[in-house]
Amino acid sequence: MIVHSLTRIQNHSSPLFLQMLKLLLLLQHRTSSTHISKLQSFTFRSLSQSQSPSKSPPLFPSLSSSSSLAESILKCRSTEEAIKLSETSNSNDLRSQSALIHVLTESHRYTHARCLIKCLIETLKRRPRRVFNALEDINRSNFSNSVFSLLIMEFVEMGLFEEALWVSREMRTSPDVKACLTVLNGLVRRRRFESVWVDYESMVSRGLVPDVYIYSVLFQCCFKQGLSSKLKMLFEEMEAKGIRANVYVFTIYIRDLWREEKMEEAEKVFDLMKKKHGVAPNLFTYSAMIGGYCKTGELRQAYTLYKEILVSELLLPNVVVFGALVDGFCKANELVAARSLLVHMVKFGVDPNLHVYNCLVHGECRSGSLSEAMRLCSEMERLRLWPDVFTYTILINGLCTEGSLTEADRLFQKLKIERIFPSSVTYNSLIHGYCKEDNMEKALELCSEMTANGVEPDIITFSTLIDGYCKLRNMKAAMGLYSEMSIKGIVPDVVTYTALIDGQFKEANVKEALRLYSDMLEAGVHPNEHTFACLVDGFWKEGRVSEAVEFYLENNNQAANGKAWNHVGFTCLIQGLCQNGYVLRATRLFADMRSGGITPDLPSYVSMLKGHLQEKRVIDAMMLHCDMIKTGVLPNVLVNQFLAMFYQENGYSRSACFLTNLKPVGTIS
C-alpha cells in the first residue's frame, strides 16, 4: 500500500513530502501497525490531494476552514477519533497539524508527535519562531508544555542546537527535566559555561525541579570551570534537598578533590559514597582514586584499591587503571613492579596502549637504563604500537641527559623522516644537551630550525640558551637573548634571572647582578633557593661578606615562611663566614638552618668543620662530627682523612687511627 501510494504521488510531490513519507516508513518499524497505518493513510491522502499539476493550493488555507478543522480535532473524545478526523479531512494546513501534534503529545504518543513536529520544522524551513508560534497558537490551558519539550528534543536531534536553545528560553514555563538536561548538557559540551548557570537559574525560576541528572550536568560544568567551592556547595545543596547522589556525581567530586590535592577529603568522600550512601564505585571512580594516589606517591593505597577491583565480581581493571599504576610506579622508580603490571594486563586480556609503554620508557630513561628503554620501543613496534612524539621526546631527553648526543640526533632525524612533528619539548631537550656540551652553535641552529618549522621558542628555550652562554662567560650574548625575550613578549622566569645574576657575579659585575635582581622583584618573580645561593655566593666571593649577611637578615622572614633558603644558600654563607674568620656567626647561622627545619647536608657540615679546624676548636669539631653521624649524614673517605689528620695533629691519635683503620696519615697543610 505504501509503495503504491508513493508511486502515485511522486510525480507531483515536493522533496519535503517525500521526506515525510520516508520518516513514516521508518516509524513503521518502531510503532504499532494500527496507529501508524492510520497516520500513513491520512498523510498520503492529504499529500496526494493537496497538489495537482495544474494548480497548487496556498500554504495557508482560509482561516475559517483551518480553525474549524483544528477545533474539531481538539474536541475529539479520543486520540483515535482525532486521527480518523484528520484522515477524512482533505486539508493539510498548519493549524490542524499543530492541533494533532498537541493531541498526540497529551496522549503520550511521543514518537508519532515527534514525526509530525519534524515535518512541521521542515515545512517552515527550520525557523524556530514560526514553528513555536504555530504550536503556541493551538496551546490551551488544559494542555501541558510537553509539546515544546518535544520540539526542543527534535531540534537537538536534527543538529539545530541554537534553535532548541531559543525555544527553551522562549517558553513561559520551564521545559520538562529531559529537555532541560539536553539543553544544559549541550551548553557544557560547547564550553558555554556562563550560559549554563544563566539558563539553569531561568529554568528553576520557571518551575524546574532539578533531579540528580540535572545536578550531574552542573557538577560537570563546575569541574570543567575549576569551580571547586561551587561544586562543594552543590553537593551540600543536594544533600539538603534529599537528592541521593549517584556514582557519576561522586566520581566528579572525587576527581575535583584530587585535582586540588585534597587527598584526605577525597578519601572521606570515597568512604561516604560506599558506606553511608551505599553507592558502588565504578571503574571511573577507582581510576580517579588510583590516579590521585599515584600522583601523590601513595602507591600502597593505590595498589590496595587495585586489589579491591580484583575482588569485586562486577569489575575488571581496564587500561586506564593499569596506566595510572604503571605511571605511578615508574615515577617512584619501582620499575620491577611497573613491569609486573604488564603481566597482569595480559592475564585480564587488556592490551597495553601507547601511554602505558611511554610511561615504562620514561621510567627506564630516568633510571639510566637506556638499553631497556630501546628494547621496550622494539617491543612496541612488534605489537604495532608506533612511537609518537612523546616516545621520541622521552628517548631524546634520556640520551641527552646521558651525553649521547649523536644517538639523540639520530633519533631526531628518524622522527622527522617518519613525518612526526617535533614539539617544543623535543627541541628544548636537544638544545639543553648541546648547551651542556658547550656547543652553542648547534644549539642556535636548532633554535632557528624550530622557528622555521612553526614551533616558537618558549621560556624554556631562552632560559636554556641564556644559561649556556652564562656558563661560557659570554654575558654579551646572554644579555642579548634577554633583550630578545622582552621584544617577543616572553616574560623571564626565576630560572632566567638566576642564570643571569650568577653569570654577572662570576664576571664581577656586582652592580649589574643587583640591577637584575631588582628587575626580578619588580616583575613580580619570586626568587627561589638557587637565586639566594647565587647572590650570597657572589657577595662573599667578592669579599663583601657583611653585605651577604645583611642580605640574609633581610630575607630571613621569607626563608622561614616560604623555605626559600636551602642547603646551597646556607652552605655558601657559612663557607664565606668561616673563610673570613667569622666562625661564631657561622655557628649561629648553622643553628638557624637546623631550627628552620632544614637538615644540613654533607657540604654544610664540611664547611662548618673547616671553620672549627681553622680556629683549632677541637671540642666543637668533635661534637659536630658526632652530630653529623647522629643525623645520618655519613662522612666520606676524604672527610675522614681530613678529620684524622686534624685529630692526630692535636694529640688525639686513637680517634685518628680509628678513622683511618690504623693507617698512617700525613699532616694538615
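Everything quoted here is computed from the prediction, not taken from an experiment.

(A) Layout of the packing of helix α8 (residues 128-136) against helix α10 (residues 161-170). Between α8 and α10, whose axes approach to 10 Å, the crossing angle comes to 45°. Taken together, the axes of α8 and α10 are oblique relative to one another. In this structure, α8 meets α10 at a crossing whose hand is right-handed. Within the contact between the two elements, α8 uses Pro128, Arg129 and Phe132 and α10 uses Glu163, Trp166, Val167 and Glu170. For the contact of α8 with α10, a count of residues per class yields four nonpolar, no polar and three charged.

(B) Expanded view of the confidence of the model for the protein chain. For the protein chain, mean pLDDT is 82; residues scoring 70 or higher make up 83% of the total. Throughout residues 1-64 the model reports pLDDT below 50, and contacts reaching past four residues in sequence, or to other chains, amount to 74 contacts. Residue range residues 662-669 is modelled with pLDDT below 50. Its contacts to residues more than four positions away, or to other chains, number twelve contacts.

(C) Local environment of the layout of surface pockets. As a volume, the largest pocket reaches approximately 530 Å³. Counting only elements with at least two residues in the lining of the largest pocket, the list comes to α15 (247-259), α17 (283-295) and α19 (319-331). For the lining of the largest pocket, the element with the most residues is α15, which contributes seven residues. Looking at the lining of the largest pocket, its residues break down into nine nonpolar, six polar and four charged.

(D) Structural context of the side chain of Thr79. Counting through the fold element by element, Thr79 comes out in helix α5 (residues 79-88). The class of Thr79 is buried, set by a relative accessible area of 10%. Once residues lying within four places of it in the same chain are set aside, the contact partners of Thr79 are Val103, Leu104, Ser107 and Arg109.

(E) Focus on helix α28 (residues 475-488). Between the first and last C-alpha of α28 there are 20 Å, a value that for 14 residues agrees with the 20 Å anticipated at 1.5 Å per step. All of the buried residues in α28 are Met475, Ala478, Met479, Leu481, Tyr482 and Met485. The buried residues of α28 occupy one face: seen down the axis, they fall within an arc of 155°. Relative to its buried face, α28 has exposed residues pointing more than 90 degrees away, namely Lys476 and Ile487. The secondary structure elements touched by the buried residues of α28 are α27 (459-471), α29 (494-506) and α30 (510-522). Following α28 by one or two positions, Gly489 adopts a phi angle in the positive range, close to 80°.

(F) Structural view of the nonpolar core. Core analysis: the largest hydrophobic core is formed by 199 residues, its most contacted members being Leu151, Phe219, Ile290, Leu325, Ile466 and Leu500. No other element matches helix α13 (residues 212-225), which puts nine residues into this core. Aside from chain neighbours lying at most four places away, what touches Ile290 is Ala302, Leu305, Tyr306, Ile309, Val321, Ala324 and Leu325.

(G) Structural context of the packing of α15 against helix α16 (residues 263-276). The geometry of α15 relative to α16 is characterised by a closest axis approach of 8 Å and an angle of 165° between their N-to-C directions. Between α15 and α16, the interaxial angle falls into the category roughly antiparallel. In terms of crossing hand, the pair formed by α15 and α16 is left-handed. Here α15 contributes Val247, Phe250, Tyr253, Ile254, Leu257 and Trp258 to the contact with α16, which in turn contributes Met263, Glu265, Ala266, Val269, Phe270 and Met273. Split by residue class, the contact of α15 with α16 holds eleven nonpolar, no polar and one charged.

(H) Examining the pattern of salt bridges more closely. Scanning all chains against the criterion turns up 23 salt bridges. For Glu162, the salt bridge is made with Arg192, and the minimal N-O distance between the two is 2.5 Å. Remark: Arg192 occurs in the loop between α11 (177-189) and α12 (193-205) and Glu162 occurs in helix α10; sequence separation between them is 30 residues. The class for Arg192 is partly exposed, based on a relative accessible area of 26%. A salt bridge links Arg339 to Glu364; the shortest N-O distance between them is 2.6 Å. Of the two residues, Arg339 is situated in helix α20 (residues 335-347) and Glu364 in helix α21 (residues 354-366); the sequence distance between them amounts to 25 residues.

(I) Structural view of unusual backbone geometry. The backbone phi angle of Asn333 is positive, close to 65°, even though this residue is not glycine. You can see Asn333 is positioned in the loop between α19 and α20. One non-glycine residue, Arg473, adopts positive backbone phi at about 65°. Counting through the fold element by element, Arg473 comes out in the loop between α27 and α28.

(J) Summary view of the packing of aromatic side chains. One pass over the structure, following the stated rule, counts twelve aromatic pairs. A centroid spacing of 5.6 Å and a plane angle of 65° characterise the contact between Phe235 and Phe250, whose relative ring orientation is edge-to-face. A residue pair is termed long-range when its members are at least 10 positions apart, and Phe235 in helix α14 (residues 228-241) and Phe250 in helix α15 qualify at 15 residues. For the residue pair Phe235 and Phe250, the accessibility class agrees, reading buried in each case. Look at Tyr303 and Phe329: their rings are 6.3 Å apart centre to centre, the planes differ by 75°, and that puts the pair in the edge-to-face class. Of the two residues, Tyr303 is situated in helix α18 (residues 299-311) and Phe329 in helix α19; the sequence distance between them amounts to 26 residues.

Scoring rules and cut-offs
- Every chain's residues receive numbers from 1 upward, in the order its sequence appears when written.
- Per-residue local features of the predicted model are confined to residues with pLDDT of at least 70, and side-chain atom pairs are confined, for both listing and counting, to 80 or more; whole-chain, interface and lining totals are unaffected and use all residues.
- No hydrogens and no water enter the side-chain calculation; it runs on all heavy atoms of the structure.
- Inter-axis angles, ranging from 0 to 180 degrees, are taken between N-to-C directions of lines fitted to C-alpha atoms, where helices are fitted over the stretch in contact.
- Starting at the N terminus, helices and strands are each numbered in turn, a helix being any DSSP run of H or I of at least four residues and a strand any DSSP run of E of at least two.
- Working rule for angles: under 35 degrees goes down as roughly parallel, over 145 as roughly antiparallel, 65 to 115 as roughly perpendicular, anything else as oblique.
- The sense of a crossing depends on the near helix, which, turned anticlockwise from the far helix by less than a right angle, makes the crossing left-handed and, turned clockwise, makes it right-handed.
- What makes two residues a contact is simply this: any of their non-hydrogen atoms within 4.5 Å.
- Here the nonpolar group is Ala, Val, Leu, Ile, Met, Phe, Trp, Tyr, Cys and Pro; Asp, Glu, Lys and Arg are the charged ones; every other residue, Gly included, is treated as polar.
- A score between 0 and 100, pLDDT records how confident the predictor is in each residue.
- The rule is simple: put a 1 Å grid over the protein atoms alone, call a set of points where a 1.4 Å probe fits but cannot get out a cavity, call an open set with protein on both sides within 12 Å along at least five of seven lines a pocket, and count a residue as lining if it has an atom within 4 Å of a point.
- Grid points are joined across faces, edges and corners, and a volume is the space filled by probe spheres set on the points.
- Each residue is assigned to one of three classes by its accessible area relative to the maximum for its type, calculated with a 1.4 Å probe on protein chains only: buried under 20%, partly exposed between the two thresholds, exposed over 50%.
- Between the first and last residue of a helix there are one fewer steps than residues, each counted as 1.5 Å, and that sum is the expected span.
- The arc in question is the one traced by the directions running from the helix axis out to the C-beta atoms.
- Joining through side-chain atoms within 4.5 Å is the link that ties buried Ala, Val, Leu, Ile, Met, Phe, Trp, Tyr and Cys residues into a set, and such a set is a nonpolar core.
- By convention in these notes, a salt bridge is any Lys or Arg side-chain nitrogen within 4 Å of a carboxyl oxygen on Asp or Glu.
- Two aromatic rings from Phe, Tyr or Trp, using only the six-membered ring of Trp, form a pair when their centres are within 6.5 Å; if the ring planes differ by under 30 degrees the pair is stacked, by over 60 it is edge-to-face, and anything between is tilted.

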